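Here is how the chains run, residue by residue.
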Amino acid sequence: MRQSPNIIITGTPGVGKTTHCETLAERTGLRHLSVNQVVKDKECHEGWSNEYQSWIVDEDKLLDAIEDDVKQGGYLIDWHACDLFPRSWIDLVVVLRVDSSTLYDRLKARNYAEAKLQENLDSEIMEVLLQEAHEAFDEEIVIELTSNTADEMETNADRIEAWVRQWKTDNNAARDE
């Protein structure tokens, strides 16, 4: 049994995944696992897509690269997708959402190409990643949080931190029985 939970922080690019993970890592002691960084560092990709300005992820290589660590527990998994991770690895899925104008401003500030910007806006509007999370994981472990403002992000971090404390209490009590 894991002594610490694994949490996926997912959502469209620009919703605040990395900010949430960094804050939560400081507060909870869980480790921030940036999937984008793993893909680059461990070459878990099949090359670069000029159209999308991103790596073409080899999901099998990625899962092999992180499996031993993640199975031990204690990770905040930061990525825009969640359905590739085995259910047994994950204790909570947090889908971050923002309104369209906020997302547009954040992606524009990142100099996203118009096609990539529009695709991500459409994905957010159509709730693609939220639906993906609900299809891939049990309903009770999927939560949707908005992160339009710094106050909302702070409230989200407080809520997730409290969840981590409760998870540890519940799981350590079960282990002691």
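Residues numbered from 1 in each chain as written. Predicted model: local features only at pLDDT ≥ 70, side-chain atom pairs only at ≥ 80, totals over all residues. Heavy atoms only, no water.

With an unreviewed UniProt entry as reference, the protein chain is termed Adenylate kinase isoenzyme 6 homolog, source organism Stachybotrys chartarum. Checking UniProt for the protein chain, the heading Sequence similarities (unreviewed entry) contains the comment "Belongs to the adenylate kinase family. AK6 subfamily." Among the UniProt annotations of the protein chain, the heading Subunit (unreviewed entry) holds the following wording: "Interacts with small ribosomal subunit protein uS11. Not a structural component of 43S pre-ribosomes, but transiently interacts with them by binding to uS11." (UniProt positions renumbered as here; feature names shortened; annotations may be inferred.)

Asks: If you had to explain the nonpolar core to someone new, which residues and values would you point to?
Replies: Among the nonpolar cores identified, the biggest contains 27 residues, and Leu62, Ile77, Phe85, Ile90, Val93 and Phe137 are the most heavily contacted of them. When residues of this core are traced back to their parent elements, those giving at least two are helix H2 (35-41), helix H3 (59-72), strand S5 (75-78), strand S6 (92-97) and helix H6 (128-136). No other element matches the four residues that H3 contributes to this core. Core analysis: the next-biggest nonpolar cluster, separate from the first, contains 21 residues, Ile9, Leu30, Leu96 and Leu103 among them. (Core = buried A, V, L, I, M, F, W, Y, C linked by side-chain atoms within 4.5 Å. Buried < 20%, exposed > 50% of the residue type's maximum accessible area, 1.4 Å probe, protein only. Helix = DSSP H or I, 4+ residues; strand = E, 2+ residues; numbered from the N terminus.)

Asks: Pulling in residues and values, what's your account of the UniProt feature "binding site: ATP" (unreviewed entry) in the protein chain?
Replies: On the UniProt side, "binding site: ATP" (unreviewed entry) is annotated at positions that read Gly14, Gly16, Lys17, Thr18, Thr19 and Arg110 here. Examined against the element boundaries, Gly16 turns out to sit in the loop between strand S1 (7-10) and helix H1 (17-28). Overall, Gly16 belongs to the buried group, its relative accessible area being 11%. Apart from residues no more than four positions distant in its own chain, Gly16 is found in contact with Leu96, Arg106 and Met153. Along the chain, the position of Thr18 falls in helix H1. In this structure Thr18 comes out as partly exposed when scored by relative accessible area, which is 36%. Aside from chain neighbours lying at most four places away, what touches Thr18 is His32 and Asp78. (Contact = heavy atoms within 4.5 Å.)

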